[in-house]
Amino acid sequence: MSRPVVNALDRYQRERLVFAQAALDFTRQPENVETLVAGGAISLLQHLSQDVSPGIQHLATLALGRLATHSQEVAESLVTGDFQHFLVNKVRATLNEAQTRGSSPEQQIRRAAALCLKGLTRHSEALAERAVSGSGAVEVMVAALKDRDTDTQEAAAWVLGNMAGHSAKLATMVADAAAVVPLAACLSSGELAVKRIAASALSDIAKHGVELAQRLVEAGAVEQLVATLRSPTGKDMRLRRQACCALGQIAKASPELASKVLQRGGLAEFQRCLAAEDAVARRHAALALRDVAKLAQGCAQTMADRGCLSALVAALGPGEQMYVRQQ
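Residues numbered from 1 in each chain as written. Predicted model: local features only at pLDDT ≥ 70, side-chain atom pairs only at ≥ 80, totals over all residues. Heavy atoms only, no water.

Chemist: Explain the confidence of the model for the protein chain to me, please; I cannot follow it from the model alone.
Modeler: In low-pLDDT segments, the atomic positions of the prediction should not be examined closely. Residue-level pLDDT values for the protein chain average 89, and 94% of them are 70 or greater. Long-range and interchain partners of residues 319-327, a stretch whose pLDDT sits below 50, account for five contacts in this model, where long-range means more than four residues apart. (pLDDT = per-residue confidence, 0-100. Contact = heavy atoms within 4.5 Å.)

In structure tokens form, the structure reads like this:
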């Protein structure tokens with residue numbers, strides 16, 4: 001083979017890789033998005049996301065995901081071009097391959113594609129619905145929750161949580177795709193980041209009413225959330241916030257569900273959160289107890305009998321305690 005030809009091909013390969021890496025680096029700064037878009041980087045990166053080199057595919061897809069996360073305009077342009085179908089197919093295809101620990105090219109592309117879907121679903125209900133309708137994205141993300149690669153699990157939970165957070169309609173779509181059980185199972189994952197986003201996604205599903213909250217109870221999510229708060233990782237500030245909030249969203253849906261949450265260990269965990277140093281966790285616990293007390297006299301009486309009133313007062317600052325005593 002002619003040496004000049006080989007050199008030219010090698011140079012072309014290197015330059016594609018250099019551009020993809022540079023674009024990814026530029027996307028770390030949101031202020032670069034406008035320049036990249038104006039310069040036509042979106043179409044160039046879409047082309048490179050289908051490159052013959054897995055490494056270039058990975059970098060280009062990650063860059064597009066970051067751009068979509070930073071900019072709703074970019075996300076809309078990708079969805080309008082049906083890029084979500086390409087992403088879903090990438091995740092689906094690589095999920096069916098042998099999975100091993102480490103960073104194989106297939107794993108890297110799968111993670112990048114799931115992260116890009118996260119960017120497409122974050123901005124609005126309408127855009128999220130367009131991004132998943134007809135693409136099979138929800139079902140594929142549910143399957144990805146069971147992936148051995150925890151980065152893929154985390155990205156999939158983000159996509160489902162983004163959807164559920166937008167509306168009851170999309171939350172029902174997530175629940176109908178059988179996402180609740182694997183999301184609850186993610187709370188047992190060894191990776192803290194997966195636990196955090198799984199708890200957040202469960203909270204986003206439960207907040208839309210009694211029917212969806214009931215599905216979480218039936219899936220054993222209450223027990224999983226309580227166990228998470230009692231585990232060593234439950235000391236993590238962000239995880240404690242999300243798990244406490246999720247329990248509160250379930251409990252406030254109806255008197256029946258409130259009783260189940262209290263009976264299954266939720267009350268003790270709310271009290272523990274009230275004693276936490278983190279003000280956000282204390283607030284979540286206080287709001288949950290307030291909402292439960294408003295639902296039924298029986299729940300309020302149970303809370304009073306279990307020492308919740310003194311725990312609530314203790315959670316206040318010194319000045320606020322003085323005000324309560326004066327009243």
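After that view of the structure, there is still more to cover.
Chemist: What is the right way to read helix 10 (residues 150-166) from this model?
Modeler: For an α-helix, 3.6 residues make a turn, and residues three or four places apart therefore share a direction. The end-to-end C-alpha separation of helix 10 is 25 Å, in line with the 24 Å expected for 17 residues at 1.5 Å each. By the criterion of burial, helix 10 is predominantly enclosed, with 12 of the 17 residues buried. (Helix = DSSP H or I, 4+ residues; strand = E, 2+ residues; numbered from the N terminus. Expected span 1.5 Å × (residues − 1). Buried < 20%, exposed > 50% of the residue type's maximum accessible area, 1.4 Å probe, protein only.)

Chemist: Looking at this model, I keep getting lost on the side chain of Asp147. Mind explaining?
Modeler: Among the structural elements, Asp147 can be located in the loop between helix 9 (137-144) and helix 10. At 3.0 Å, the side chain of Asp147 and the side chain of Arg110 are in polar contact. (Polar contact = N/O pair within 3.5 Å; in protein donor to acceptor, adjacent residues only side chain to side chain.)

Chemist: Which parts of the structure should I look at to understand unusual backbone geometry?
Modeler: Across the chain, the bulk of peptide bonds are trans and the bulk of non-glycine residues have phi less than zero. Here the phi dihedral of Asp82 falls at roughly 60°; this positive angle occurs in a residue that is not glycine. One non-glycine residue, Ala178, lies in the positive phi region at around 65°. On the secondary structure map, Ala178 appears in the loop between helix 11 (168-176) and helix 12 (180-186).

Chemist: How should I be thinking about the nonpolar core in this particular structure?
Modeler: The tendency in soluble globular proteins is for nonpolar side chains to be buried as a group. Judged by nonpolar contacts, the single largest core of 103 residues is most densely connected at Leu120, Met141, Leu183 and Ile250. Once you skip the residues sitting within four places of it in the chain, Leu183 turns out to touch Leu145, Ala157, Ala198, Ala201, Leu202 and Ile205. (Core = buried A, V, L, I, M, F, W, Y, C linked by side-chain atoms within 4.5 Å.)

Chemist: What is the right way to look at the packing of aromatic side chains in this model?
Modeler: In this description, an aromatic ring pair is defined by two values, namely the gap between the centres and the angle between the planes. Under the criterion given, the structure shown has one aromatic pair. One residue, Arg16, lies across the ring of Tyr12, its end atom 4.4 Å from the ring centre. One Lys or Arg, Lys118, reaches over the ring of Trp158 and ends 4.3 Å from the middle of that ring. (Phe/Tyr/Trp six-rings, centres within 6.5 Å; stacked < 30°, edge-to-face > 60°. Lys NZ or Arg CZ within 6 Å of the ring centre and 35° of its normal.)

Chemist: Before we go on, may I ask you to explain the environment of Ala304 in this structure?
Modeler: Locating Ala304 in the fold gives a position in helix 19 (residues 297-305). With relative accessibility at 36%, the residue Ala304 sits in the partly exposed group. Taking C-alpha positions, Ala304 is 57 Å from Gly81, a pair spaced 223 residues apart along the chain.

Chemist: Hey, could you run me through the pattern of salt bridges in this one?
Modeler: Enumeration over the complete set of coordinates arrives at 15 salt bridges. For Arg16, the salt bridge goes to Asp51, with nearest N and O atoms at 2.7 Å. Of this pair, Arg16 sits in helix 1 (residues 3-26) while Asp51 sits in the loop between helix 3 (41-48) and helix 4 (54-70), placing them 35 residues apart in sequence. Residue classification places Arg16 among the buried positions, given a relative accessible area of 10%. Taking the relative accessible area as the measure of exposure, Asp51 reaches 9% and is therefore buried. One salt-bridge network, in which partners are shared between bridges, spans Arg111, Asp149 and Asp151. (Salt bridge = Lys/Arg side-chain N within 4 Å of Asp/Glu carboxyl O.)

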